[in-house]
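Notes for the structure review
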Amino acid sequence: MLKRLNRWLMLLLCLGIAIALTCAQTSPSLSVAPKVTEIRGVWLTNVSSAVLYTPWGINRAINQLARLKFNTVYPVVWNRGATFYPSAVAKKVIGRDRDLWLQVLRLRQDSLAEIVKQSHRQGLRVIPWFEYGFMAPASSALVKRHPDWLTSRRDRSKVFQAEENEPTLPKASNPKLKQVDPPIVNKGVWLNPFHPQVQQFIRDLIVEVVTKYDVDGIQLDDHFGLPNEFSYDAFTIDLYKQEHQGKSPPSNPVDAEWLRWRADKLTKFMQQIYLAVKAVKPNCLVTLSPNPQYYAYRATLQDWRRWVELGLIEELVCQVYRTSRQTFIAELQQSSLLVARQKIPVGIGILTGSLSHPVAIEQIKSQVQLVRDRGYSGVSFFYWESLWGYIAPESPQERRDVFQALFSPSKPSK
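Rules of the game
- Residues numbered from 1 in each chain as written.
- Predicted model: local features only at pLDDT ≥ 70, side-chain atom pairs only at ≥ 80, totals over all residues.
- Heavy atoms only, no water.
- Helix = DSSP H or I, 4+ residues; strand = E, 2+ residues; numbered from the N terminus.
- Buried < 20%, exposed > 50% of the residue type's maximum accessible area, 1.4 Å probe, protein only.
- Contact = heavy atoms within 4.5 Å.
- Areas by Shrake-Rupley, 256 points an atom, 1.4 Å probe, with all protein chains shown as cover.
- Salt bridge = Lys/Arg side-chain N within 4 Å of Asp/Glu carboxyl O.
- Polar contact = N/O pair within 3.5 Å; in protein donor to acceptor, adjacent residues only side chain to side chain.
- Core = buried A, V, L, I, M, F, W, Y, C linked by side-chain atoms within 4.5 Å.
- Pairing = 2+ DSSP bridges.
- Axes fitted to C-alpha atoms, helices over the stretch in contact; angles between N-to-C directions.
- Parallel < 35°, antiparallel > 145°, perpendicular 65-115°, else oblique.
- Left-handed = near helix turned anticlockwise from the far one by under 90°.
- Nonpolar A, V, L, I, M, F, W, Y, C, P; charged D, E, K, R; others polar.
- Phe/Tyr/Trp six-rings, centres within 6.5 Å; stacked < 30°, edge-to-face > 60°.

**Looking at the overall build of the protein**
Looking only at helices and strands, the protein has 16 helices and 16 strands in total. Here the protein holds 414 residues, and the buried ones make up 57% of them. Sequence-distant contacts in the protein: of pairs separated by 6 or more residues, those separated by 24 or more amount to 79%. Only carbon and sulfur atoms are counted for the fraction: they give 56% of the accessible area of the protein, which is about 18300 Å².

What follows is the structure, encoded as structure tokens:
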């Protein structure tokens, strides 16, 4: 009897081990994002940058960043209507599983997998960046396949001037203060963020990345919203009428109730994103890189302060791309940022340059110190190529030396 019981116990033990091994092989990684005392990040983009298109480019970038004590990379995974990883979701919806140039130049190598491997090997966090959000090029395969997913203005026009080579540069809180020149623009369109099929597509992309890769988080940015002059498409008008006793939306795009109704819809979708990510990988951070709140809400319906209050955002990096010291300081004093950082880590996005706007290293150094002096959780730079690349006004070595001094614990910045 005792022998028989022991055999059964041994059988159950073996079965339990087998089940555990199976789960370990099929379940997504539940790794905990490395804790950082200061965010030291950089965005890796395909716009005006070749870093994602060559194996040696990725290895070189991660090696340099690790050597200079950066600790976070935000590689683009959704941009210009294409993914930057092999995506079954994109293949089904768009007809192509990733960016065409990646297929041509990388011989179908998985860029995101390489970034994750190289970064984790050297202690950097990897937080994939869904840069384009609801934006898409007017000529993209996505738009051609799903024209009913687009939203429009009151005059039914759909095309807008999309920023291609520059970061988002909203108006400063004080219009008299100097700000960065307007960006170079190209034609694009906006997907309707309230359309259920659009929401399903974006949510599926995010869940796919979280499931497939051992990432430390995901990041949405200022394009996870909608310019306020849009939302006059048939689908959204009908939805509004259903909830307003047949009344049409206001003709004024900045009508207070109309703004709030759309912003609340976007907040509900943000809740879905958060829950979907946590269902797959509870320790995966949900992060955001928005414009300042006063602009984000009124101009693009993105009420990120509310998202922070609801616990939907776990880390925030606010884009403060300003040249004037006075303007930069004014943005750091915005109440929405001061409130948000009492709840979650809040970093500041700093512009390190662009094709038409090179930024001097002394300005970058000064802005990093201003951020530190005001007690923020760190910085991230837009973008990799301009840290010490071909568009910088100083030599690459001179700029790398400054970053090394900024991030060296033995050489605090003065």
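**Focus: the pattern of salt bridges**
Once the charged atoms of two side chains with opposite charge are near each other, the side chains can pair. Going through the model one piece at a time under the given rule, you end up with 13 salt bridges. A salt bridge links Asp97 to Arg98, with the shortest nitrogen-to-oxygen separation between them at 3.3 Å. Both residues of the pair, Asp97 and Arg98, belong to the buried class. One salt bridge in this structure joins Arg260 and Asp303, with 3.1 Å as the shortest N-O distance. Note that Arg260 is positioned in helix α9 (residues 256-280) and Asp303 in the loop between α10 (293-300) and α11 (304-309), a separation of 43 residues in sequence. Each of the salt bridges in this network shares a partner with another, and the network as a whole consists of Glu38, Arg40 and Arg372.

**Section: the side chain of Asn46**
Tracing the backbone through its elements, the reader meets Asn46 in the loop between β1 (39-44) and α2 (55-67). On the basis of relative accessible area, Asn46 is assigned to the buried category, the value being 6%. In terms of polar contacts, Asn46 uses its side chain to reach the side chain of Asn79, at 3.1 Å. Asn46 has contacts with Leu52, Tyr53, Val76, Asn79, Arg80, Phe84 and Glu131, leaving out every residue within four places of it along the chain.

**Describing the nonpolar core**
In terms of nonpolar packing, the biggest core is built from 115 residues, with Phe70, Phe201, Phe224, Leu316, Ile348, Phe381 and Phe403 touching the most fellow members. Ranked by the residues each element gives to this core, the list is headed by α9, at nine residues. When residues no more than four places from it in sequence are discounted, the contact partners of Phe70 are Arg40, Gly41, Val42, Leu65, Leu124, Phe381, Leu387, Trp388, Phe403 and Phe407. Within the second largest apolar cluster, five residues are counted, among which are Leu239, Tyr240, Trp258 and Trp261.

**A closer look at the sheet that holds strand β11 (residues 285-289)**
Read across the sheet, nine strands follow the order β5-β2-β1-β16-β13-β12-β11-β10-β6 without closing on themselves; strand pairing throughout is parallel. The sheet terminates laterally at β5 (125-126) and β6 (129-130), the two strands that pair on one side only. Pairing analysis gives four bridges linking strand β12 (residues 315-319) to strand β13 (residues 346-351), with the strands arranged parallel. Bridging across to β13, Leu316 finds its partner in Val346.

**Observations concerning the packing of α2 against helix α5 (residues 111-121)**
Close contact between α2 and α5 brings their axes to 10 Å; oriented N to C, the two are set at 30°. Of the possible angle classes, the one that applies to α2 and α5 is roughly parallel. Relative to α5, the crossing made by α2 is right-handed. Contacts from Ile58, Asn59 and Ile62 in α2 reach Ser111, Glu114, Ile115, Gln118 and Ser119 in α5. Its residues placed into classes, the contact of α2 with α5 shows three nonpolar, four polar and one charged.

**Describing the environment of Asn59**
Looking at the element boundaries, Asn59 is found in helix α2. Residues Asn59 and Ser119 lie 60 residues apart in sequence; the distance between their C-alpha atoms is 8.9 Å. Residues in contact with Asn59, not counting those within four places in the same chain, are Glu114 and Gln118. Among the polar contacts made by the side chain of Asn59, one reaches the side chain of Gln118 at a distance of 3.4 Å.

**Topic: the environment of Asp148**
As for its placement among the helices and strands, Asp148 is situated in the loop between α6 (141-145) and β8 (160-163). A sequence separation of 47 residues divides Asp148 from His195, and the C-alpha atoms of the two residues are 9.3 Å apart. Each residue touching Asp148, except ones within four places of it in the same chain, is listed here: His195 and Gln197.

**What about the packing of helix α12 (residues 325-332) against helix α14 (residues 361-373)?**
At their nearest, the axes of α12 and α14 sit 11 Å apart, and the two run at 25° to each other. As summarised for this structure, α12 and α14 are arranged roughly parallel, according to the angle between their axes. Pair α12 / α14 crosses with right-handed handedness. From α12, Arg325, Phe328, Ile329 and Leu332 reach across to α14, where they touch Ser366, Gln367, Leu370 and Val371. In terms of residue class, the contact of α12 with α14 is made up of five nonpolar, two polar and one charged.

**Side note on the packing of aromatic side chains**
In the structure shown here, the tally under the stated rule is 29 aromatic pairs. Ring geometry for Phe70 and Phe381: centres 6.0 Å apart, planes at 65°, overall edge-to-face. Of this pair, Phe70 sits in the loop between α2 and β2 (72-75) while Phe381 sits in strand β16 (residues 378-382), placing them 311 residues apart in sequence. Like Phe70, the residue Phe381 is buried in the burial classification.

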